[in-house]
Amino acid sequence: MGATSSAQKDSCVACPNDNGYCIDIIQTRSSEVLLSLVTNSSHSDGGFQFRFMAVERNIASTCMSNGTRLFADKTPKFIMSPRFPSNYYSNLNCLWTVEPAVIEKDTRLVFEFRSQYLEMGFDGCSDFVRIDGLNDKMTPCSCQHGGTCMYSTCVCSQGYKGSNCENESLEILYFKSSKTVFREENEVLLESEITDNSNFTVQWSRNGILISDIFSRYIISSTAIANGTFLHQLRISSVFELDGGNWNIIASNGVTMVNRSIIIRVLPKLELQMIPQYDLSTETKENLTLQCVVVNPESLINLTGGSLIWEKDGKKITDSWFNISTTNTSTILNKASTEVNDSGTYSCLHSTYPDPLNVSIYVNVTEPEPVEILTFRISDPISREGKSVQFETEIVDILDLGVQWFHNGNLITNSSLRYIITSYPTGNGTLRNVLSILNVLQQDEGNWNITASNGKTSASRSIYLRGEEK
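Heads up: these notes are all about the structure in this document. Keep in mind the model is a prediction, meaning the values are calculated, not measured.

This part is about the overall build of the chain. When its secondary structure is counted, the chain shows 0 helices and 35 strands. The buried share of the chain, taken over its 470 residues, is 31%. Put simply, of all contacts in the chain between residues at least 6 apart along the chain, 60% involve residues at least 24 apart. On the chain, roughly 30100 Å² of surface is accessible, and the fraction owed to carbon and sulfur atoms is 49%.

The following block contains the structure:
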């Protein structure tokens, strides 16, 4: 015979003024009975208890042991109605007195109806069972997961809690991160509150790999709050891309284990590159072009608005003399003709990037080196026809220096067989230029000029040659 808490309400007898016990009696003469338990994936209830016994039919017409005292000890005893499990006789009035066999301080009598099938009349209860003398009636326990019932209260085994020990005691109250998307080299804080009524251990992992504070970048701490609740924190002082992934906290008390996870994403630190990548010097009236590019565009994810901007000596460039063209990942600064006051530190940065980051170069703009003609002389300012004459000049040797000869404003080159033009360094930082006329003619009389230039500055000297007839 047995009892189940899942029987229908109308299968239970309520007499008198209290709930009866549900009918669930199975009798058989079979030589063998198979009991099966089948469950699905859900397991929120406490299960069942099935008791069985072999009995000989009670055919007595009177109450067994009626009026006698029954002594209870630790071995369960049974009181049955006449003819149980068959129908009982009418007009019975059975009485049993039960008392403990040994009276001790904590002795309690425990009664359990395993089956109750009593007739119910139209105007209330016809047949009933009543227990008198329950001055301190105690409700039986339904302890689960190995809990022990003491004075109608479940004393739960390690790892469980609740009135019937139905809940696991180890619980992660929350697990959170200061943010879910971080940028490299920023700080990350993971924290979780965990509670239990017994000791428990905690482990951290990232993508399945256990993390401990032997890694200098990870600082793990645990702080008691109250009532068995602890605050567990993992701090990453400077996060890298490799720190991204699935972070997990696992708590275990040796009986049950709980875990929570959170996914964090680490964006690479913004990397800017200036072109050219080195400080430069230039001269006035030269073209200046600087370019700044974002090397890793993925670092701009989650930025709202903003763009690449230029600064000169720490101030944003708004001067209309500069031509600036910008895209999402590149910007170009250009000035067609530089001036000395264009010298300074040029920086490129993103206007809404949360961390202070820029790339800079220094541009030095100077006046071009002046052209200096140190000497200009002629071998004979008055020369007769048929003789030779030489013009000679010494000029400071500078970069991109060019020299031209003129006679009465006309350019002289080596194409004339009568003119020989030579140029050679002196070894002391100057350049010597010589124009030789091998056979002076009357038409060579006039103003002879030498002009030296580096494309930015120039210098000129003149000598007058007077010719005489032969």
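Having seen the model, we can carry on.
In the structure shown here, the tally under the stated rule is 3 disulfides. The disulfide partner of Cys 156 is Cys 165, and the gap between their sulfur atoms is 2.1 Å. Here the S-S torsion is close to -95°, and the disulfide linking Cys 156 with Cys 165 is therefore left-handed. Classification of Cys 156 by relative accessible area gives partly exposed; the value is 25%. Given a relative accessible area of 0%, Cys 165 falls into the buried group. Residue Cys 292 pairs covalently with Cys 348 via a disulfide, S to S 2.1 Å. Disulfide Cys 292-Cys 348: the torsion about the S-S bond is -80°, which places it as left-handed. Of this pair, Cys 292 sits in strand β20 (residues 288–294) while Cys 348 sits in strand β25 (residues 344–350), and the two are 56 residues apart along the sequence.

Either a parallel or an antiparallel arrangement is found when strands of a sheet pair, and the pairing is made through backbone hydrogen bonds. Pairing is mixed in the open sheet, where 5 strands are placed in the order β19-β26-β25-β21-β22. The outermost strands of the open sheet, each flanked by one partner alone, are β19 (280–283) and β22 (315–316). Pairing between β19 and strand β26 (residues 359–366): 4 bridges, direction parallel. By the bridge assignment for β26, Thr 282 is matched with Val 365.

Let's shift gears to unusual backbone geometry. Residue Ile 275 is joined to Pro 276 through a cis peptide bond whose omega torsion reads 5°. One non-glycine residue, Asn 227, lies in the positive phi region at around 55°. Its place among the elements puts Asn 227 in the loop between β14 (218–226) and β15 (229–236). Classification of Asn 227 as exposed rests on a relative accessible area of 77%.

Turning next to the environment of Ile 211. When you line up the elements, Ile 211 lands in strand β13 (residues 209–211). Setting aside chain neighbours within four positions, we find Ile 211 in contact with Trp 204, Ser 205, Arg 206, Tyr 218, Ile 220, Leu 234 and Trp 247.

With that settled, consider the sheet that holds strand β23 (residues 323–326). Taken in spatial order, the 4 strands of this open sheet run β18-β20-β24-β23, and their pairing is antiparallel. Each of the sheet's edge strands pairs with one partner strand only, and the pair in question is β18 (272–275) and β23. Across this sheet, the average inter-strand angle for adjacent strands is 15°, counted without regard to direction. Relative to strand β24 (residues 330–335), β20 runs antiparallel, the two being bridged by 6 bridges. Directly across from Gln 291, in β24, lies its bridge partner Ile 332.

Definitions and cut-offs
- Residues numbered from 1 in each chain as written.
- Predicted model: local features only at pLDDT ≥ 70, side-chain atom pairs only at ≥ 80, totals over all residues.
- Heavy atoms only, no water.
- Helix = DSSP H or I, 4+ residues; strand = E, 2+ residues; numbered from the N terminus.
- Buried < 20%, exposed > 50% of the residue type's maximum accessible area, 1.4 Å probe, protein only.
- Contact = heavy atoms within 4.5 Å.
- Areas by Shrake-Rupley, 256 points an atom, 1.4 Å probe, with all protein chains shown as cover.
- Disulfide = S-S within 2.5 Å.
- Pairing = 2+ DSSP bridges.
- Axes fitted to C-alpha atoms, helices over the stretch in contact; angles between N-to-C directions.

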